[in-house]
Amino acid sequence: MSEWWVDESQLKGNQLEVLDVELDKDLAIFGPPGSGKTNLMMLRANHLNITDNPEFYVVTYTSLLAEFMRRGATQYSFPGNKIRTQAKLFEIVLGDHGRMIERRPNEGFTDYQDRLFAAMTALIADGKAKNSFPALFIDEAQDYSQAQLQVFRHLAKNITLAADVRQGIYKTENCLDGFIRGFCDPVISLKYHFRTGKNIIAVADQIMKDKFDHIPMLDTSQYSEESQKSTAEVEDPCPLGDQIDKAVDRLAKQLKVYPNELLGVLVPRMEELAQVWERIKVAPALAGKVTNTRERDFDPSCPIWITTIHSAKGLEFRCVHILSAERIDKFNERARRLAFTAVTRAKTALVVYHHEDLLPFFSAALRPGTAARVSRSQLFGKKA
């Protein structure tokens, strides 16, 4: 459970300022991956829980992130049932006003979410649900639209947002950063980050170099390479089956090196997830240790989680294996943000696997060039 703080001595810099902000203030917490945004938001929520214990909620973008946060909530004596997805929150509000909608047979979850949101906007248009809760705590706020954030704002007397616009991997409007700052005061931007090793941060910095107002993170990293040396590697191209076999070998060793820690296997799309799961679940070396986060029988107590990059938002793993990484190119304008998010889920070890060519920005980040001269024969693809 090293994902969560256990003592105030672990807080550094302006992290302490967050806990001093009065609970009747609208607060926005910005910061890079591993800066403690979610932890600080949870501690702020726990403050409200301890002092008053009203009905309020911590809202997550995905059900997997909600499950991950419930793991940490136990350390703070925080009720896990106060951590809900956006959809679950809307169901609660609509139910309270007798406007609950039923999910249709064979209806996709995205379509159901759209109908929930439409029902919520209709409820608000009728003058209902204003300040239903004393507070809402919204994680991964950069992935909501302005309209969705306005709904949260209507529902809560006070709101706390945790966000990093570089990790916005769902389609939202531009200038969401400015929008959030427009109704939150104070706004605290965390400078330091602690979770991810410097060799992995160097890859993330290169992915985002000169993009999205990215501020390089390497100089503000507080990760101790002395205690656990970090690594960022890319395997030579090979078919997906071979990628899985290589990942299994590494995972078996990592289970021994990092007992009681989460290990992640990430893929860009559901198509790859199905293939990886069918093969990895029968690997003898990982028997009883691996679970598929997208299956109904997902077991969060397993140390190895198999998931998509999108579902891994907000999560953290001691070691991350990204398979079929070339498929990130299917996400067009979001590809860079998706790669950045995937890489920064890792704490100590990152391994990237691929069959076809990686996107140029991803390849450049993983394989830094050299200033050395090369022979003419090398220009023709021949080995020197």
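Residues numbered from 1 in each chain as written. Predicted model: local features only at pLDDT ≥ 70, side-chain atom pairs only at ≥ 80, totals over all residues. Heavy atoms only, no water.

### Overview of the packing of helix H6 (residues 146–155) against helix H7 (residues 176–183)
Helix packing geometry: the angle between the two helix axes and the distance between the axes. Two numbers describe how H6 lies on H7: the axes approach to 11 Å, and their chain directions differ by 15 degrees. As far as their axial angle goes, H7 and H6 are roughly parallel. Between H6 and H7 lies a crossing whose hand is right-handed. Together, Gln 146, Leu 149, Gln 150 and Arg 153 of H6 and Leu 176, Phe 179, Ile 180 and Phe 183 of H7 make up the contact between the two elements. Taken together, the residues that form the contact of H6 with H7 break down as five nonpolar, two polar and one charged. (Axes fitted to C-alpha atoms, helices over the stretch in contact; angles between N-to-C directions. Helix = DSSP H or I, 4+ residues; strand = E, 2+ residues; numbered from the N terminus. Parallel < 35°, antiparallel > 145°, perpendicular 65-115°, else oblique. Left-handed = near helix turned anticlockwise from the far one by under 90°. Contact = heavy atoms within 4.5 Å. Nonpolar A, V, L, I, M, F, W, Y, C, P; charged D, E, K, R; others polar.)

### Quick word on the pairing of strand E4 (residues 133–138)
The buried count for E4 comes to five of six residues, which makes it a mostly enclosed element. Alignment of strand E2 (residues 57–60) against E4, held across three bridges, turns out to be parallel. Across the sheet, the residue bridging to Tyr 57 is Leu 136, located in E4. The pairing of E4 with strand E5 (residues 156–163) spans five bridges and is parallel. The residue of E5 that forms the bridge with Ile 138 is Leu 161. At this point the chain moves from E4, through H6, to the parallel E5, and the crossover so formed is right-handed. (Buried < 20%, exposed > 50% of the residue type's maximum accessible area, 1.4 Å probe, protein only. Pairing = 2+ DSSP bridges. Right-handed = clockwise from strand over helix to strand, strands pointing away.)

### Some remarks on the environment of Ile 280
Secondary-structure assignment places Ile 280 in helix H10 (residues 270–280). Measuring from C-alpha to C-alpha, the distance between Ile 280 and Pro 259 comes to 19 Å, with 21 residues separating the pair along the chain. Apart from residues no more than four positions distant in its own chain, Ile 280 is found in contact with Ile 244, Val 248, Leu 251, Val 265, Leu 286, Val 290 and Ile 306.

### Brief notes about a negative patch on the surface
Among the surface-exposed residues, Glu 17, Asp 20, Glu 22 and Asp 24 lie close enough to one another that they form a single negatively charged patch. Looking at where Asp 20 falls in the secondary structure, it is placed in helix H1 (residues 15–20). Note on Asp 20: relative accessible area 62%, which makes it exposed. (Patch = residues over 30% accessible without salt bridge, like charges linked within 9 Å, V, L, I, M, F, W, Y side chains within 5 Å. Areas by Shrake-Rupley, 256 points an atom, 1.4 Å probe, with all protein chains shown as cover. Salt bridge = Lys/Arg side-chain N within 4 Å of Asp/Glu carboxyl O. Lys, Arg positive; Asp, Glu negative; His and termini not counted. Charge placed at Lys NZ, Arg CZ, Asp CG, Glu CD.)

### Overview of H10
Turning to H10, its buried residues number three or more, namely Glu 272, Leu 273, Val 276, Trp 277 and Ile 280. The arc enclosing the buried residues of H10, seen along the axis, measures out at 130 degrees, which places them on a common side. Where the residues of H10 are buried, they touch helix H9 (240–257), strand E8 (263–267), strand E9 (290–292) and strand E10 (304–308). (Arc of directions from axis to C-beta.)

These figures capture arrangement, not role.
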